[in-house]
Structures are given as C-alpha cells and as structure tokens.
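Notes for the structure review
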Amino acid sequence: MELSNLTLFSGETFDENVLGAVALHQKGNAPFQSALLHDFDMVVLMLHEEQDKERIITHTIAGERRTQSVHVGLSALERAVMAGDNNELLTSLIAGEVIWDPKGILEAMRREIIQFQGPLKERILFMEFSRFLHMYVKSKRYLEARCTMDAYNCVLIALYHWARIEVSEAGYFPDPAVWEQVKGLNSSVHKLYEELTVSTETLDQRVELILLACEFAIMSKMSDCCTILLNILGSRKEPWSIKELLQHSGLSPLGAELPLVLRKLVSRSQIREIASWAEDAGDGHAVRYTL
C-alpha cells in the first residue's frame, strides 16, 4: 500500500517525509488483537526522525472506517524494542503491514528482531534479568513486612521477566504474549506460574516457594545475562562509577535496577568494587566498579 493510498483510506494527511509507516488491521496476523485496535478498524504506526513528545495519537474516520494513528520518534521505537515494555508498539511493528519504508528502517528493525542475535539479544537478556532481580527483591521485602498481596504481585511480575529470559535464551524475541511462547518451550517457569496462581497452598507458602526458585535462577543465569555489563566494565582499565554506567547507552533505561545488579555481582565476586577518595563524596569514599 502506498502512502498516498493510505491517506485516502484513513482520512488523515501524512507528511511523506516520515521515516516509515506500518498498518495493523483488525484481522491481521497479530498473535492477539492489540488493545490499540479496540473500536478501531486500523492502527497506523508513523515513524518520525524525532519529536518533542514520546508519542502523539490522532483519530480519524473515513466513511465508516475508523483509524488510530500513533506517531513516534525513531529513538522511542528503538527503546520499545530494547526494553520490551511497550507491547502495543511492538505488536504494530512486528505484525503490521509495512506500507512506507523508503530508507528500509522498519524492515531492518524487523529483520533484527527475527534473527535475534548479537547486541539486541544481549541487551534484552540484561534488561530482563535486571527487572527479574528487582521484582524478586521487592517481593522478598514485602513478604518480610507481611504485605502478602504486594509480595504476590511482585513475584508474579518477576516470573514474567523470567519467562522473557527463557524465551530469549531459546533464541526468540519475546513476544507481547510471552506466556504462549513459554508454554511451547516446556520451561520450568511456566510450571512455577501455575504453582503460584492455582495451588491450594496458602498465599504465603506459594510466594515463598516461588521466591526460592527465583533465587536459584538468579544465581544460575547471572553470568550469561550480564554479559553486556561485564563487557562494558572490562572495556577500559579505569573503574566505572554508577553515574558513568547509567549514562552508557546500553544501560541508561535501568536507573532503578542497575544498582541492585552491581551489588549482586559484587557479592558473588564476579566484579570488584573500589573505594577511592573524591571531593563530592563528603566524609565517605566514592565507589567504582571493575572486573
């Protein structure tokens, strides 16, 4: 479909300087019907070089056909792919019909997702592991405080990130409907999900059981999932401050999780922390990290 035909089809005028466009139809080949399609016949993802807002949404109607257009910057779409935390954008990118891609940007992104190798796989593994560890720690703290429902909610999210790790390790890009992917892998995390949600044991007992399994998985997966961080730490002789690491392009989305990962790696002697005097450290010492 040409962009000019889409303009007539949707009722919205598009700037042909856009980097690319993807159309997701109500009866497309999506693994599930995206929430963006609720009460709309079509969703159009419009890719721009950059824009002030994270995304801009417009609604149009042509005849009886209703269209929702989502305008996003290239960096925002790249973040959605890396972080895996915007299922709607990912569904549009993966399952939609590419209707405008003069520079081949969208096809290149889809090809990278399908092949799922190298830097993309390393970054997703590390992001999912970091979030897995974060939610595990939160669940453990809630349980210690006797906030059982909050502990349950956090460990359920931890299992979700564990599931995404399992899919990634099997060589597949984690789909928005990740539990369907996991079911086909005969993975232990799917059995743990069922144990947590349908077991007849008390809620406290279920959460405690899953936390024990999570702790074992964290220890066994740490080295492989943290490859990107270990490579960064080993890329220079000087140790890294937490500020420098958070400014690194491969780690910047993990402001809440990265400190936990660093401390866990230090406790397992996989990296070293070095304390040195610094003017802005007050009476203490600045801590830096290295291999």
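Below, the structure is looked at part by part. Since we're looking at a predicted model, the values are computed, not measured.

The subject of this paragraph is the packing of helix H6 (residues 148–169) against helix H9 (residues 203–225). At their nearest, the axes of H6 and H9 sit 10 Å apart, and the two run at 35° to each other. The interaxial crossing formed by H6 with H9 has left-handed handedness. Contacts from Thr 148, Met 149, Ala 151, Tyr 152, Val 155, Leu 159, Trp 162, Ile 165, Glu 166 and Glu 169 of H6 reach H9 at Leu 203, Asp 204, Val 207, Ile 210, Leu 211, Ala 213, Cys 214, Ala 217, Lys 221 and Cys 225. Classifying every residue of the contact of H6 with H9 gives 15 nonpolar, one polar and four charged.

Let us look at the sheet that holds strand E5 (residues 97–100). Taken in spatial order, the five strands line up as E3-E4-E2-E1-E5 in an open sheet, and their pairing is mixed. Of all strands in the sheet, those bounded by a partner on one side alone are strand E3 (55–62) and E5. Each adjacent strand pair in this sheet contributes to an overall mean axis angle of 25°, direction not counted. Sheet analysis places E3 next to strand E4 (residues 65–73), joined by eight bridges and oriented antiparallel. Paired with His 59 across the two strands is Gln 68, which belongs to E4. Against the sheet, helix H2 (residues 74–83) makes contact with strand E2 (42–48) and E4, and its axis sits at roughly 90° relative to E4, the strand it touches most.

What follows deals with the pairing of E4. In terms of residue burial, E4 counts as a mostly covered element, since seven of its nine residues are buried. Bridge count between E2 and E4: seven bridges; the pairing is parallel. Bridge pairing in E4 links Leu 45 to Val 70. Remark: two residues form the turn of the hairpin made by E3 and E4, two consecutive strands paired antiparallel; Gly 63 in that turn has positive phi of roughly 65°.

Our focus in this paragraph is the layout of surface pockets. Unoccupied space between atoms shows up once a probe the size of one water molecule is rolled over them. Here the largest pocket is characterised by a volume of approximately 260 Å³. Considering the residues around the largest pocket, the lining is formed by 14 residues, among which Ser 75, Glu 78, Arg 79, Met 82 and Arg 123 are closest to the centre. For the lining of the largest pocket, the element with the highest residue contribution is H2, accounting for five residues. Of the residues in the lining of the largest pocket, the class split is seven nonpolar, three polar and four charged.

Moving on, we come to unusual backbone geometry. With a phi angle near 45°, Phe 116 is a residue other than glycine that sits in the positive phi range. Backbone geometry at Arg 146 places phi at a positive 65°, although glycine is not the residue there. Relative to the helices and strands, Arg 146 is located in the loop between helix H5 (118–144) and H6. The exposure class assigned to Arg 146 is exposed, which follows from its relative accessible area of 77%.

To continue, consider the sheet that holds strand E7 (residues 272–276). Taken in spatial order, the three strands of this open sheet run E6-E8-E7, and their pairing is antiparallel. The open sheet has two edge strands, strand E6 (240–241) and E7, and neither has a second partner. Here E7 runs beside strand E8 (residues 286–290); their pairing, made up of five bridges, is antiparallel. Each residue of the ladder has a partner; that of Arg 272, found in E8, is Thr 290.

So, on to the packing of aromatic side chains. In total, this model carries three aromatic pairs according to the counting rule given. Pairing Phe 116 with Phe 173 gives two aromatic rings, centres 5.8 Å apart and planes at 90°, and the pair type is edge-to-face. Residue Phe 116 is located in the loop between helix H4 (105–115) and H5, and its partner Phe 173 is located in the loop between H6 and helix H7 (178–183); the two are separated by 57 residues in the primary sequence. The residue whose ring lies beneath Arg 236 is Trp 240, and the NZ or CZ to ring-centre distance is 4.0 Å.

All right, on to the side chain of Ser 130 then. Structurally, Ser 130 is set in helix H5. If sequence neighbours within four positions are ignored, Ser 130 has contacts with Leu 254, Glu 257 and Val 261.

Another point: the nonpolar core. Of all hydrophobic cores here, the largest spans 77 residues; its most connected members are Leu 77, Phe 126, Leu 159, Trp 162, Leu 229 and Leu 245. Setting aside chain neighbours within four positions, we find Leu 245 in contact with Leu 229, Ile 232, Leu 233, Trp 240, Leu 251, Leu 258 and Leu 262. One finds Met 42, Val 44, Met 46 and Ile 99 within the second-largest nonpolar core, a separate group that totals eight residues.

Turning our eyes to something else, we now look at the environment of Val 44. Summarising the element assignment, Val 44 is placed in strand E2. A C-alpha to C-alpha distance of 9.8 Å links Val 44 and Ile 57, two positions 13 residues apart in sequence.

A word on the packing of helix H8 (residues 188–198) against H9. Two elements in contact, H8 and H9, have axes whose closest approach is 9 Å; the angle formed by their N-to-C orientations is 165°. What the angle tells us is that H8 and H9 run roughly antiparallel. Read as a crossing pair, H8 and H9 show a hand that is left-handed. When H8 is examined against H9, the residues Leu 192, Glu 195, Leu 196, Thr 197 and Val 198 are found in contact with a partner set consisting of Arg 206, Val 207, Leu 209, Ile 210 and Ala 213.

Calculation notes
Residues numbered from 1 in each chain as written. Predicted model: local features only at pLDDT ≥ 70, side-chain atom pairs only at ≥ 80, totals over all residues. Heavy atoms only, no water. Axes fitted to C-alpha atoms, helices over the stretch in contact; angles between N-to-C directions. Helix = DSSP H or I, 4+ residues; strand = E, 2+ residues; numbered from the N terminus. Left-handed = near helix turned anticlockwise from the far one by under 90°. Contact = heavy atoms within 4.5 Å. Nonpolar A, V, L, I, M, F, W, Y, C, P; charged D, E, K, R; others polar. Pairing = 2+ DSSP bridges. Buried < 20%, exposed > 50% of the residue type's maximum accessible area, 1.4 Å probe, protein only. 1 Å grid on protein atoms, 1.4 Å probe; cavity = no way out; pocket = protein on both sides within 12 Å on 5 of 7 lines; lining within 4 Å. Points joined across faces, edges and corners; volume = space filled by probe spheres on them. Phe/Tyr/Trp six-rings, centres within 6.5 Å; stacked < 30°, edge-to-face > 60°. Lys NZ or Arg CZ within 6 Å of the ring centre and 35° of its normal. Core = buried A, V, L, I, M, F, W, Y, C linked by side-chain atoms within 4.5 Å. Parallel < 35°, antiparallel > 145°, perpendicular 65-115°, else oblique.

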